[in-house]
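# Survey of secondary and tertiary structure
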Amino acid sequence: MKRLEGKTALITGAARGIGLEIAAVFAAEGALVAIADLSAGEAAAAANDIAARTGARTLGLGLDVSKEADCERAVQETAAAFGKVDILVNNAGITKDNLVLRMKEADFDSVMDVNLKGSFLMAKAAAKLMLKARAGRIINISSVVGQSGQAGQANYAASKAGLIGLTKSLAREFAPRQVLVNAVAPGFIRTRMTEGLKDEARAKISELIPLGRMGEPGEVAKAALFLAGDDSAYVTGQVLAVNGGLYM
Ligand SMILES: NC(=O)c1ccc[n+]([C@@H]2O[C@H](COP(=O)([O-])OP(=O)(O)OC[C@H]3O[C@@H](n4cnc5c(N)ncnc54)[C@H](O)[C@@H]3O)[C@@H](O)[C@H]2O)c1
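Let me begin by describing the structure that accompanies this report.

Analysis parameters
Residues numbered from 1 in each chain as written. Predicted model: local features only at pLDDT ≥ 70, side-chain atom pairs only at ≥ 80, totals over all residues. Heavy atoms only, no water. Near = heavy atom within 4 Å. Polar contact = N/O pair within 3.5 Å; in protein donor to acceptor, adjacent residues only side chain to side chain. Areas by Shrake-Rupley, 256 points an atom, 1.4 Å probe, with all protein chains shown as cover. Helix = DSSP H or I, 4+ residues; strand = E, 2+ residues; numbered from the N terminus. Core = buried A, V, L, I, M, F, W, Y, C linked by side-chain atoms within 4.5 Å. Buried < 20%, exposed > 50% of the residue type's maximum accessible area, 1.4 Å probe, protein only. Contact = heavy atoms within 4.5 Å.

## As for the site of the ligand
- Surrounding the ligand, one finds 27 residues, the nearest of these being Asp-37, Asn-91, Tyr-156, Ile-189 and Thr-191.
- Here a nitrogen atom of the ligand sits 3.5 Å away from a polar atom, N or O, in the main chain of Leu-63.
- Notes on the ligand: free accessible area 830 Å², of which the protein chains cover 95%.
- Of all elements in the fold, only helix H1 (17-28) and helix H6 (154-174) reach the threshold of two or more residues within the shell around the ligand.

Structural data, given as structure tokens:
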């Protein structure tokens, strides 16, 4: 029996990287998957690719998670296509790194808008259906730097730490209706977000990681799968670190 048979999932920022891998793993486990991303064309291409690889029903949606109307529309379109929304993964995220004294106010605001406010807006839109259904899972993709802090990433780390507070608050608020809310906090994972790192920085990071290497998107997707499926029925308000031991 596949682990997400009959479930429907909406995943933001899923046209590439960690989100794409989560979508592929969920589809392979039997879920109907809606892939939402900034570019409707790229989301549709990713959805077609996953459908071809897994045979699952998929849907591609264009949205900007920092816009409330887009979030509501994405939830409605997913429910219209699949009949319900069982699982929401708030994965869309951006970085605009700089040292604080050089960080522009606009760069602080845009990172907060996408990473933190976007997750709140998506959770709010999806919760309307989940609370009524008295079932649901919300998984927020935070980051190790939200737990440890990081020089040069004050905006990003604050948004990812904020996501942990959001996760715990939503978990408490929605628990009476059996809607479970958890976070995954990845460490350094090999995607486009980290490909800009210089070889020297990459080697230095790997030295700090007890497991001695960066992680793969599929390793984060497996943690999201656990939090989306029946195996985590008694888990809510938690932060699951997938970081090779970088932060304990
Ligand atoms: N790669 C890492 O090392 C790492 C570590 C910890 C956490 N994360 C988090 O994992 C998530 C995925 O990261 P990734 O490494 O796959 O990055 P990525 O840049 O490869 O993918 C991010 C996706 O989000 C989409 N996106 C950006 N802004 C959006 C918006 N406003 N609305 C909708 N979609 C939007 C992008 O188009 C892209 O497809 C992010 O939240 C990131 O912060 C990544």
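## Observations concerning the nonpolar core
- Residues Ile-22, Phe-26 and Ile-35 are the most contacted members of the largest nonpolar core, which totals 34 residues.
- Within the residue set of this core, elements represented by two or more residues are strand S1 (8-12), H1, strand S2 (32-37), helix H2 (40-54), strand S4 (87-90), strand S5 (136-141) and helix H8 (217-228).
- Element by element, the count of residues in this core is highest for H1, at 8 residues.
- Aside from chain neighbours lying at most four places away, what touches Ile-22 is Ile-11, Val-89, Ile-141, Ala-221 and Ala-224.
- If you look at the next biggest cluster of nonpolar residues, it comprises 31 residues, including Val-65, Val-114, Leu-166 and Val-181.

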